[in-house]
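# Remarks on the overall topology
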Amino acid sequence: MSQLTLKFPFKTQYYEQDYYVSTNNFLTYRLIENWPKWPDKWVNIYGPKGCGKTHLSNILKKKIISSKILDAKELNESVLNNFDKTKCFIIDNYQINIDEKLFYTILNQSKQYDNYIVVNSTTPLKNMKFKLKDLQSRTNSFVGLGIELPTDDLLRVIISKFFSEKQIDINPKISEYIIKNIERSYDKVFKLIKEIDDLSLSSGKSININLIKKVLKNNE
């Protein structure tokens with residue numbers, strides 16, 4: 001008989017000490033750390049979903065007192081209000097989901113008021129195609145820094161941190177088994193370890209290789 005698992009809403013907290021720096025994200029992290037000594041005020045941080053772009057943005061927001069993090073799909077003309085009083089605009093989850101004219105106006109206003117603009121996206125802005133030629137030219141001028149797929153060391157940290165926060169001790173052999181049998185994807189890693197935890201809770205069984213095999217098989 002499966003046990004009932006209760007899901008509680010938790011607010012995500014972004015602390016700098018929780019951000020693990022690896023070879024895949026070192027340059028991007030250093031850029032955030034070195035603010036305001038940037039080569040330009042427009043920066044594009046790109047990488048696969050779950051790679052830590054939002055986490056880095058929150059670290060930057062704490063460095064810049066007058067800054068805002070805005071989800072791209074929620075952007076509208078109201079963002080232009082008090083534009084001159086905001087030092088840094090961080091646009092999160094961008095995937096050509098802002099009206100091009102509005103995006104172009106935001107960038108022009110940024111030049112006028114000398115704001116910082118950070119755009120988080122899964123692919124580089126310079127690889128995106130825009131109908132407005134002037135917008136294409138603007139986005140091509142962004143400094144782009146990518147976060148690559150996770151290294152083994154980073155995967156170990158992700159797995160260890162997830163289960164330690166649940167107060168679950170994991171044998172290193174289990175972590176190695178997960179790393180060897182999972183696709184190199186932040187999304188897939190987070191999904192798998194959550195499903196392992198859910199199955200462990202619902203079945204009342206401890207986390208072992210057989211349980212992990214069962215979750216992996218369900219994901220085939």
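A brief structural summary. Keep in mind the model is a prediction, meaning the values are calculated, not measured.

## Overview of the overall build of the chain
Helix and strand counts for the chain come out as eight helices and five strands. Secondary structure of the chain in N-to-C order comes out as α-β-α-β-β-α-β-α-β-α-α-α-α. Principal-axis analysis of the C-alpha atoms places the extent of the chain at approximately 60 × 35 × 35 Å. Counting all 220 residues of the chain, 41% fall into the buried class. In the chain, once contacts between residues fewer than 6 apart in sequence are set aside, the share between residues at least 24 apart is 71%. Just so you have it, the chain exposes about 13,200 Å², and 50% of that area is on carbon and sulfur atoms. Distance from the positive charge centre (34 side chains) to the negative charge centre (25 side chains) of the chain: 1 Å.

## Focus: the packing of helix α7 (residues 186–203) against helix α8 (residues 209–218)
Orientation of α7 relative to α8, taken along the N-to-C sense of each, is 120°, at an axis distance of 10 Å. Relative to α8, α7 is oriented oblique. Read as a crossing pair, α7 and α8 show a hand that is right-handed. Taking contact as the criterion, the partners of L192, E195, I196, L199, S200 and S203 in α7 are, on α8, L211, I212, K214, V215 and L216.

## Here we look at helix α4 (residues 133–140)
At 3.6 residues per turn, the α-helix brings residues three or four places apart onto the same side. Taken together, the buried positions of α4 are occupied by L135, Q136 and T139. What you see down the axis of α4 is that its buried residues fit within an arc of 105°, all on one side. Where α4 is buried, its residues contact α3 (100–113).

## Brief notes about the packing of helix α6 (residues 172–181) against α8
Across the interface, α6 lies against α8 with an axial gap of 10 Å and an inter-helix angle of 20°. In this view, α6 runs roughly parallel relative to α8, as classed from their interaxial angle. The two elements α6 and α8 meet at a crossing, and its hand is right-handed. Contacts from K173, I174, Y177, I178 and N181 in α6 reach I209, I212, K213 and L216 in α8. For the contact of α6 with α8, the per-class residue count stands at six nonpolar, one polar and two charged.

## A look at the side chain of S200
By secondary structure assignment, the location of S200 is in helix α7. Excluding residues that lie within four positions of it along the chain, S200 makes contacts with K205, S206, I207 and L211.

## So, the environment of I45
Among the structural elements, I45 can be located in strand β1 (residues 42–46). Judged by relative accessible area, I45 falls into the buried class, the value being 1%. The spatial distance from the C-alpha of I45 to the C-alpha of Q112 is 23 Å, given a sequence separation of 67 residues. Ignoring sequence-local partners within four residues, the contact set of I45 consists of T28, I32, K53, V118, V119, N120, S121, L145 and I147.

## A word on the sheet that holds strand β3 (residues 88–94)
Strand order in the open sheet formed by five strands is β2-β3-β4-β1-β5, and the pairing between neighbours is parallel. Each of the sheet's edge strands pairs with one partner strand only, and the pair in question is β2 (67–71) and β5 (143–146). Mean inter-strand twist for the sheet, computed between neighbouring axes without regard to direction, equals 15°. As judged from the four bridges shared by β1 and β5, these two strands associate in the parallel manner. Across the sheet, residue V43 finds its bridge partner in β5, namely V143.

## Considerations on the side chain of Q136
Along the chain, the position of Q136 falls in helix α4. With a relative accessible area of 16%, Q136 lands in the buried category. The residues contacting Q136, other than those within four sequence positions of it, are K126, M128, K129 and F130.

## Notes on the packing of aromatic side chains
All told, the structure shown has eight aromatic pairs when counted by the stated rule. Look at Y94 and F103: their rings are 5.1 Å apart centre to centre, the planes differ by 45°, and that puts the pair in the tilted class. Residues Y94 and F103 agree in their burial class; the two are buried. When the ring centre of W42 is taken as origin, the NZ or CZ atom of K111, which lies over that ring, is 4.4 Å away.

Cut-offs used in this document
- Residues numbered from 1 in each chain as written.
- Predicted model: local features only at pLDDT ≥ 70, side-chain atom pairs only at ≥ 80, totals over all residues.
- Heavy atoms only, no water.
- Helix = DSSP H or I, 4+ residues; strand = E, 2+ residues; numbered from the N terminus.
- Buried < 20%, exposed > 50% of the residue type's maximum accessible area, 1.4 Å probe, protein only.
- Contact = heavy atoms within 4.5 Å.
- Areas by Shrake-Rupley, 256 points an atom, 1.4 Å probe, with all protein chains shown as cover.
- Lys, Arg positive; Asp, Glu negative; His and termini not counted.
- Charge placed at Lys NZ, Arg CZ, Asp CG, Glu CD.
- Axes fitted to C-alpha atoms, helices over the stretch in contact; angles between N-to-C directions.
- Parallel < 35°, antiparallel > 145°, perpendicular 65-115°, else oblique.
- Left-handed = near helix turned anticlockwise from the far one by under 90°.
- Arc of directions from axis to C-beta.
- Nonpolar A, V, L, I, M, F, W, Y, C, P; charged D, E, K, R; others polar.
- Pairing = 2+ DSSP bridges.
- Phe/Tyr/Trp six-rings, centres within 6.5 Å; stacked < 30°, edge-to-face > 60°.
- Lys NZ or Arg CZ within 6 Å of the ring centre and 35° of its normal.

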